[in-house]
Amino acid sequence: MILHIDMDAFFAAIEQRDNPDLKNKPVIISGNSKRSVVATASYEARKFGIGSAMPVFKAKQLCDHLEIVPGNKKKYKAESKKIMQIISHYSPLMEQVSIDEAYLDTTGCERLFGSFKDIALSIKKEIYNQLALTCSIGIAPIKFLSKIASDMNKPDGLTTIEQSRVKDFIFFLPIQKVPGIGKNSMKSMQLLQIKTLGDIKKYGLPVLTQKFGKMGKRLLELSNGIDKSRVETNYIRKSISSEITLFKDITDFQTIRKIILERSQIVGKTLREKEFLCKNVFIKLKFSDFSQITRSRKLNSLICSSSAIFNEALFLYKKVKVKKKIRLIGVGVTALKDKNTPVQMLLIQDPDNHNKQWESVDFAVDSISEKFGMDIINKASLTKDNQGRKKYDS
Ligand code: TTP
Ligand code: MG
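Residues numbered from 1 in each chain as written. Chains lettered and ligands numbered in written order. Predicted model: local features only at pLDDT ≥ 70, side-chain atom pairs only at ≥ 80, totals over all residues. Heavy atoms only, no water.

**Some details on the overall build of the chain**
Okay, so step 1: Helix and strand counts for the chain stand at 14 helices and twelve strands.
Okay, so step 2: Within the chain, the fraction of its 394 residues that count as buried is 44%.
Okay, so step 3: A fraction of 64% describes how many contacts in the chain between residues 6 or more apart in sequence connect residues 24 or more apart. (Helix = DSSP H or I, 4+ residues; strand = E, 2+ residues; numbered from the N terminus. Buried < 20%, exposed > 50% of the residue type's maximum accessible area, 1.4 Å probe, protein only. Contact = heavy atoms within 4.5 Å.)

**A look at the site of ligand 1**
Okay, so step 1: The environment of ligand 1 is formed by 14 residues, the closest being Ala 9, Thr 40, Tyr 43, Arg 46 and Asp 100.
Okay, so step 2: Contact between ligand 1 and Phe 10: an oxygen atom at 3.0 Å from a main-chain N or O atom of the residue.
Okay, so step 3: At a separation of 2.9 Å, an oxygen atom of ligand 1 approaches a polar side-chain atom of Asp 100.
Okay, so step 4: Alone, ligand 1 offers 550 Å² of accessible surface; in the complex the protein occludes 67% of this.
Okay, so step 5: Listing elements by their share of the shell around ligand 1, those giving two or more residues are β1 (2-7), α1 (10-18), β3 (38-41) and α2 (43-46).
Okay, so step 6: Here the shell around ligand 1 is built from residues that sort into seven nonpolar, two polar and five charged. (Near = heavy atom within 4 Å. Polar contact = N/O pair within 3.5 Å; in protein donor to acceptor, adjacent residues only side chain to side chain. Areas by Shrake-Rupley, 256 points an atom, 1.4 Å probe, with all protein chains shown as cover. Nonpolar A, V, L, I, M, F, W, Y, C, P; charged D, E, K, R; others polar.)

**Notes on the coordination of the magnesium ion (ligand 2)**
Okay, so step 1: The magnesium ion (ligand 2) binds to the protein through Asp 6 (OD), Met 7 (O) and Asp 100 (OD); the donor distances cover 2.0 to 2.3 Å.
Okay, so step 2: Coordination at the magnesium ion (ligand 2) is octahedral, judged from the six donor atoms that bind it and the angles of 83 to 175° they form at the metal.
Okay, so step 3: Sequence positions of the residues that donate to the magnesium ion (ligand 2) give the spacing D-M-x92-D. Here Asp 6, found in strand β1, pairs with Asp 100, found in the loop between β5 (94-98) and β6 (101-105); they are 94 residues apart in sequence, far enough to count as distant.
Okay, so step 4: Judged by relative accessible area, Asp 6 falls into the buried class, the value being 13%. (Donors = N, O, S within 2.8 Å, 3.2 Å for Na, K, Ca; no water. Tetrahedral: all angles 85-135°; square planar, octahedral: opposite > 155°, others 65-115°.)

**Section: the packing of aromatic side chains**
Okay, so step 1: Across all of its chains, the model carries four aromatic pairs by this definition.
Okay, so step 2: On the basis of an interplanar angle of 15° and a centroid distance of 4.2 Å, the ring pair of Phe 11 and Tyr 76 is categorised as stacked. Remark: Tyr 76 occurs in helix α4 (residues 73-88) and Phe 11 occurs in helix α1; sequence separation between them is 65 residues. For the pair Phe 11 and Tyr 76, a shared accessibility class is recorded, and that class is buried.
Okay, so step 3: Pairwise contacts between aromatic rings join Phe 10, Phe 11 and Tyr 76 into one cluster.
Okay, so step 4: Of note, Arg 46 hangs over the ring of Tyr 43, and the distance from its end group to the ring centre comes to 4.1 Å.
Okay, so step 5: The ring of Tyr 103 has Lys 143 lying over it, and the distance from NZ or CZ to the ring centre is 4.7 Å. (Phe/Tyr/Trp six-rings, centres within 6.5 Å; stacked < 30°, edge-to-face > 60°. Lys NZ or Arg CZ within 6 Å of the ring centre and 35° of its normal.)

Okay, here's the thing in structure tokens:
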């Protein structure tokens, strides 16, 4: 089961908590200029028809005693951090999706914390006791339904969609409630007389793809109760890279290949030392005229082996149609994850599985070079000549 937790009128609730004069009053958070729009409206203000993205002058017209509070992003971010910390105690599989919402995959945590509803109630209680803020939680066996559920009984709501109700729920779900359906798609929906998610099934994949592009396939899956998206633990926003400005500009492929291999090894070693895995590899090339390009590739699985990084980097290099001489070559990785964060099991065969074998070789090489020095063991192609120079130095 997946929980979706969304804070109620987040910015406004924080201001109402911190300033008793604002309690139970219609409040909006926004800039104070004529052109400002409402960032959030308290539930009292929403009764007047005021909502996010509405121009402030219009909100004032709807409610003459409206309280307008300038936003304090720093404060909201600090509160958000505390909330996410509370939520993360209940399951390691947490995905923060915005400043005030997160998904939590609690499968397997019931023995520790009780039923899914018990977990949701504890989260609500802990957030309220510690921060005096309320949230709404949706519980469902499918990710997109948990988000819809959390919105159903706001504020301070708790809504569960049981597995047995999923089919009916989808059948009657108004199509505009499906995440990703905006005004443009609604026009096509009306033309096709699609009012609920269940109505999608009246059409086949070719029509849906023609009308909605990639979204067509997803809609068909969702209408059949299939949501392939999983709760993805958040990536660390960091990168590890290594680059070298060459002694002279070059074009020779074999030399470039070796440099990419060497950079990949340095990056891989740092990655393993820091106990990270990565899901993205990139290369950077600077040319003789100082122009520069980067190319990156998202992988199917998390890796930390130098040879996997090298293969990806070389693949990226081969795709670039290099016409100029190269003066700098860099290899790097992003989308890092702590090695100890649990990742969901892949249900299909992992095509990158052979990388795992290379990882053990890498770890062995790492420990040898740690003991005896960096240069004691290396790939044959990177060995130095008898004057201690790498081939491309000369
Ligand atoms: P939301 O969760 O969309 O809204 P909310 O928390 O204010 O209200 P609800 O009870 O319906 O969940 O957004 C969270 C915060 O993000 C919100 O308090 C203000 C900010 N925000 C903006 O700054 N601009 C926007 O357009 C929206 C939608 C939100
Ligand atoms: Mg919210």
